[in-house]
Structures are given as C-alpha cells and as structure tokens.
Protein chains: 2
Amino acid sequence: MKEYCFGIDVGGTTVKMGLFRVDGELLEKWEIPSRTENEGKAILPDIAEAVQKKLEERGIEKDSVTGIGIGVPGPINAEGIVPHTANLGWGYKEVTRELTELTGLVSKGGNDANVAALGEMWKGAAAGHKSGVMVTLGTGVGGGIIIDGKIITGANGAGGEIGHIHVEDAVDWNCGCGNQGCLEQLASANGMVTLAKWMIRQGADTKGTTLQPETMTAKDIWDAVKADDAFAKDVAERFGKYLGLALANVASTVDPEVFVIGGGVSKAGPVILEYIKKYYLKYTFRGCRGAKFVLATLGNDAGMYGSAKLVLEQ
Amino acid sequence: MKEYCFGIDVGGTTVKMGLFRVDGELLEKWEIPSRTENEGKAILPDIAEAVQKKLEERGIEKDSVTGIGIGVPGPINAEGIVPHTANLGWGYKEVTRELTELTGLVSKGGNDANVAALGEMWKGAAAGHKSGVMVTLGTGVGGGIIIDGKIITGANGAGGEIGHIHVEDAVDWNCGCGNQGCLEQLASANGMVTLAKWMIRQGADTKGTTLQPETMTAKDIWDAVKADDAFAKDVAERFGKYLGLALANVASTVDPEVFVIGGGVSKAGPVILEYIKKYYLKYTFRGCRGAKFVLATLGNDAGMYGSAKLVLEQ
C-alpha cells in the first residue's frame, strides 16, 4: 500500500523538499541548494540523492511511495519535458523521465505557479473548492487555474499566465515578455513601484505623502495605505483596477468558485482584497459576482503541496 | 450495442433535431417549433414526441440509443437544471430529468454556445484538436471553452462568457448584462453597427464612405471593407482590436490550440480573421502566438453536433 509521496518545488536558489503522507499531511520539509552551474546538471541528481537519504533515514520502503511530484519555474509539458528554463540553467530536459531513472519512483511535473495553485486548492486557502484561480503577486505576477481539481496547463504551457493579460494601453515600456501593458508591469511587487512612479510622472497629487519615490517598495506603499496616505491610496486604487479587471476577464473565461491571492504583495493582508474586489465587481459578468476572494495560506509551501498532489493524482 | 444518439439544439423559435450515429455521422436533421407560450411547458414534451416518432419511423430500438443531448439558450448546470431561461419562457426547470422521464432515454444538457463549441471541436473547424475556444459573433457574442475535450462550464454556468470581457473603458451605455464596455457591445453584429455609429459621433473621418449610418448592418460594413472603403476599414480595425485583445486575454488564461470564429458576422469570411489576428498577435503572451484561427464550418448545425457529443461522452 502506498503511504507516502514527495512534493518538490525547484527554485532558482533552493529546492524545497517535502515528505508527505498520501492524505496530504506534511511530515517533514527541508531545503537543498539549487546548483544551477554547468547547465543545472546536478539539480536532479541532488534531488534523487536527497530522496534516497530521506527514505533510508526513515526506513521507508520504495514500494510504499506513490512517487515524486516536482514543480519547476517555467513551462513543462504533460510528458514532463522542459524546453528551456533560464534560471535553472536547463536547456531541453526530460525532467520526470530522468528523475524516475535516478530514483526508481514515478514522477510527475508541473509549472511552479500551477502547482502552487493546486496546493492552495488541496490543503490551503481554497480547500474544499472544485475550481479556483491563484494569482501570485511576487517579483512578477504568476497564475494557476484549477478546474475540477486539474491544472489547466494549456497547449503551450501558458495556461494561467495571468500576469500577461493586457490591462493598460498607455504603458509605453516593455514587459519582460516583450509586450506593453501587461498586468505584471503594474501589479507585481516591482510593478506597484513602477505604477507609483508612473503616476508621479503623470502628475499625480503627492502632497503630504510619506512615500519616498526613490526608495519605496510595494510594502511601503501598503503600509502607507494603512496609514491613510492619500497618494498611496490612489496607487492602491489603480492596482485594484488592473487586478480586478484582469480577474473579471478570467472569470468570464473559466468562472471559478474562488480566487486565491498569494505572493509577497499579499502579505499586506486583507486590505489588498478590498481594492481588488471593488474593481472585480465593477467589471465582472453578473453570474460571476459571487466568486470568493481569499489570501493564500500555505506561503512558500504551496508548491510542495501542489507537486505532491500532482503525483497522487496521476 | 449503442448505435444512435440524438443531438438537439433548442432555440427561441425552433428546435433543431438531429439523429446521429455514435461515430458522429448526422443521419437526419429536422426542425420543430419552440412553443414558448405557457412558460414553455410544451417544449420538452414536443421534443420527446418528435424523438419517439423518429424511432418508430426508422424502426430503431431504444436499447440501441445512447441518449439525448440537449443545448439550451442560457445557463444549465451539471445536473441538467436551468434556473431560468427568458427566451424559452422557462423558470426553474430540471431539463434532463424531465426529458429522461418523457423518453426513457439518458439525457445530458449544455449551454448553446458551449455545445456549439464542442460540436466544432468534434466534427467542425477544430476537429482533431484537444483544446479550443469558439466565439459566436451573432446578435450578441457567445463563447465556449473546450479543454481536453470537455466544456469549461464554470461554477455559475458562466464559463466561456467571452462576450462580457471588458474591452473598452470609454463606453458609456449599458450592455444587456448591466456592465459597460463589454466585447459584445462592440463586436457582435449589432455591436459593430453601434461601434461604427459611435466612431462617427467621435468625429471619425467618413469622407467617401458608401455606408449609410441610419441603415447599415454588420454585413454592409464588411462588404464595404472588401470594397476598400476607408471608414469601414477603420471600423474593422477597432473590431479587430477589441476581439484580438479579448482573445489574447483568453489565451493567457486557458492557452487553447485553436480559436473558432462563428456566427452571422463570420459569414464575411477570412477577412475578419485578418483583423482579429493582427491585434491578437499584438496583445497575446509570447507562448500563445501560434494559436490557429479558423472559421466555423458547421453553421447552425454546430449545436446539434455538440449536444450529441455531450451525451456520447457522459
């Protein structure tokens, strides 16, 4: 009988490793470094070794392990193949095949934002729901769409790329993706700062603000919002407009039960949901007005949970 | 062994009935009137009678029939329950349960735009693809999302409500849904005419146009585009911008292999795809640039095909 599985979240600097019971209880988590030098050749062998050691340490037989789920920062297709992942050094890589060869265990892979969404749906903020959309407001804006418990991966691995929904015609600088006016340019942690500076250039009223344009962070902006800073609140309105608009458009497409907001920016707390919901309700289709908005609860563990769920489901 | 099924598309004036082989061959199609008076009480009994007669006429045993798929113009949930359908006269109605009681055959129901999408994916313009999005440019703008061969119905039956994606902040009149700036207000058959009149009010250059503002139709606009009418081409650009933007945002959400464009407006032919693709490529995420754009091929039969597929799949 299968009792255990591994949920692994590969990042650019560390690999988060989780040993789970098949019911979703996280028994132990630890980290190993991501050795991205030499085209990231050591990453999968390092993971395999860590898995092997953990099994020996706990006296767990391989027969009782369902497998290894692995989340990677980039596109990965249904066959577990990554075409290219810049921040791990990988070129074309058959991730799950290699991991299975190295460990003798079944392996299943997913994109990091997608597995984080799956994790929050399984054991986090959206547990108990069948369909949900997670938005991760970090350095960029990531997203994951879960329908009937399954990730919408997309024909090109671009399912849930919510950060690249076009929300503003007036943006005249490029997003990392090459387009102009993407949500990520204005609503990520960096994007909020860019947005505030852009509003200043456009002549926004900054009288009395405590924000320092040269050094402010997204956290500073939200702290100022909570301190009733008028300019910061104007920035939050625009942030809310862009996210509310993007999520309303997502709702008209997949109509989820719940939206989960996570990532560094979400640490500002429930206030961010107020600004997002205000504009979501303005723009969304009538039938979708009842969607719930919740803050993510698994933090950096979401990817491990989702990766574990991925391999349990296959 | 099951050899046959029925695919039925209920509209506000007629019910389109199709008898199919289970491999998807349409053996016969015919229509009966939609008797919407008296809260549409007669609609399902009329359908049941028509099914019964067809079986007798052809000497088909019920045992050899998989069931009846039925598409309805409005939301219908996974249990086949319609909360309310204005243009059929129905209030709360357990459509599939009633149809099964009346016929003794399994029944499965779907929204008309969604089953049309499923039909085009199965036997129409997108046959052979796993994922696709259909947009129906008719009186309004309908949509259907198919992922891995399944309809994305949505938590509130609002999956694929692409017509209500917000695309224009400057619109100051209401959509049927109550919002302002929906795609449907500017890109349906009626919406294109509204768009052209709005552009004239905004001071568009109409010099030399053959279009008559008081009487023009979407077909007139596309005919003028083909005749190289400058104003009509400006209208087509704006139409393309709104649709291209909306579909780019859909792509960042579900990343389909193919977009199918159908409905009355699509009869203008491949020229409409040019205008849509131009702006789709401008706004879409890099990974989604390869999506195909095709014109629907099943016309008014798409709903029958999709309804048949629905019951074959359950």
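Labelled according to an unreviewed UniProt entry, chain A appears under the name Glucokinase, originating from Hominiventricola aquisgranensis. Here chain A is described in UniProt, under the heading Sequence similarities (unreviewed entry), as follows: "Belongs to the ROK (NagC/XylR) family."

Undergrad: Just checking my understanding: could you explain the nonpolar core for this structure?
TA: As a rule of thumb, nonpolar side chains are buried together in soluble globular proteins. Trp-222 and Phe-239 of chain A together with Trp-222 and Phe-239 of chain B are the most contacted members of the largest nonpolar core, which totals 122 residues. When neighbours within four sequence positions are excluded, Phe-239 of chain B is seen to be in contact with Leu-137, Ala-187, Met-192, Leu-195, Trp-222, Val-265, Ile-272 and Ile-276 of chain B.

Undergrad: Can you help me understand the packing of aromatic side chains in this one?
TA: Aromatic rings considered in pairs are described by the distance between their centres and by the relative angle of their planes. Counted by the stated rule, this structure contains 15 aromatic pairs over all chains. Taken together, a centroid distance of 5.0 Å and an interplanar angle of 20° make the contact between Phe-259 of chain A and Phe-293 of chain A stacked. Taken together, the residues Phe-259 of chain A in strand β11 (residues 258-262) and Phe-293 of chain A in strand β12 (residues 292-295) connect sequence positions 34 residues apart. Just as Phe-259 of chain A is buried, Phe-293 of chain A falls in that class too. For the ring pair Phe-20 of chain B and Tyr-305 of chain B, a centre distance of 4.9 Å and an interplane angle of 70° mean the geometry is edge-to-face. Placement of the pair is Phe-20 of chain B in strand β2 (residues 14-21) and Tyr-305 of chain B in helix α10 (residues 302-313), with a sequence separation of 285 residues. For Phe-20 of chain B, a relative accessible area of 0% translates into the label buried.

Undergrad: Where do I start with the pattern of salt bridges in this structure?
TA: Where charged atoms from two side chains of opposite charge approach closely, those side chains can pair. Under the counting rule described, the total for this entry stands at 32 salt bridges over all chains. Notably, a salt bridge pairs Asp-169 of chain A with Lys-241 of chain B, separated by 2.8 Å at the nearest N-O pair. Of this pair, Asp-169 of chain A sits in the loop between β10 (150-151) and α5 (184-187) while Lys-241 of chain B sits in helix α8 (residues 230-254), which puts the two residues in different chains.

Undergrad: What is the right way to read the interface of chain B and chain A from this model?
TA: Accessible area lost during the coming together of the parts is what is often quoted as the interface size. The interface of chain B with chain A comprises 40 residues on the first partner and 40 residues on the second. Of the roughly 2900 Å² buried where chain B meets chain A, counting both sides, 52% is carbon and sulfur surface. Its largest share of buried area at the contact with chain A, chain B owes to Thr-253, Asp-255 and Phe-285 of chain B, together 20% of the area lost on that side. The interface formed by chain B and chain A holds two salt bridges in total. Secondary structure elements with two or more residues in the side of chain B that touches chain A: β9 (141-147), α8 and α9 (271-283) of chain B. With eight residues, α8 of chain B is the largest single contributor of residues to the side of chain B that touches chain A. Partitioning the side of chain B that touches chain A into residue classes produces 16 nonpolar, 16 polar and eight charged.

Calculation rules
- Residues numbered from 1 in each chain as written.
- Chains lettered and ligands numbered in written order.
- Predicted model: local features only at pLDDT ≥ 70, side-chain atom pairs only at ≥ 80, totals over all residues.
- Heavy atoms only, no water.
- UniProt positions renumbered as here; feature names shortened; annotations may be inferred.
- Core = buried A, V, L, I, M, F, W, Y, C linked by side-chain atoms within 4.5 Å.
- Buried < 20%, exposed > 50% of the residue type's maximum accessible area, 1.4 Å probe, protein only.
- Contact = heavy atoms within 4.5 Å.
- Phe/Tyr/Trp six-rings, centres within 6.5 Å; stacked < 30°, edge-to-face > 60°.
- Helix = DSSP H or I, 4+ residues; strand = E, 2+ residues; numbered from the N terminus.
- Salt bridge = Lys/Arg side-chain N within 4 Å of Asp/Glu carboxyl O.
- Buried area = accessible area lost by both parts, 1.4 Å probe.
- Nonpolar A, V, L, I, M, F, W, Y, C, P; charged D, E, K, R; others polar.

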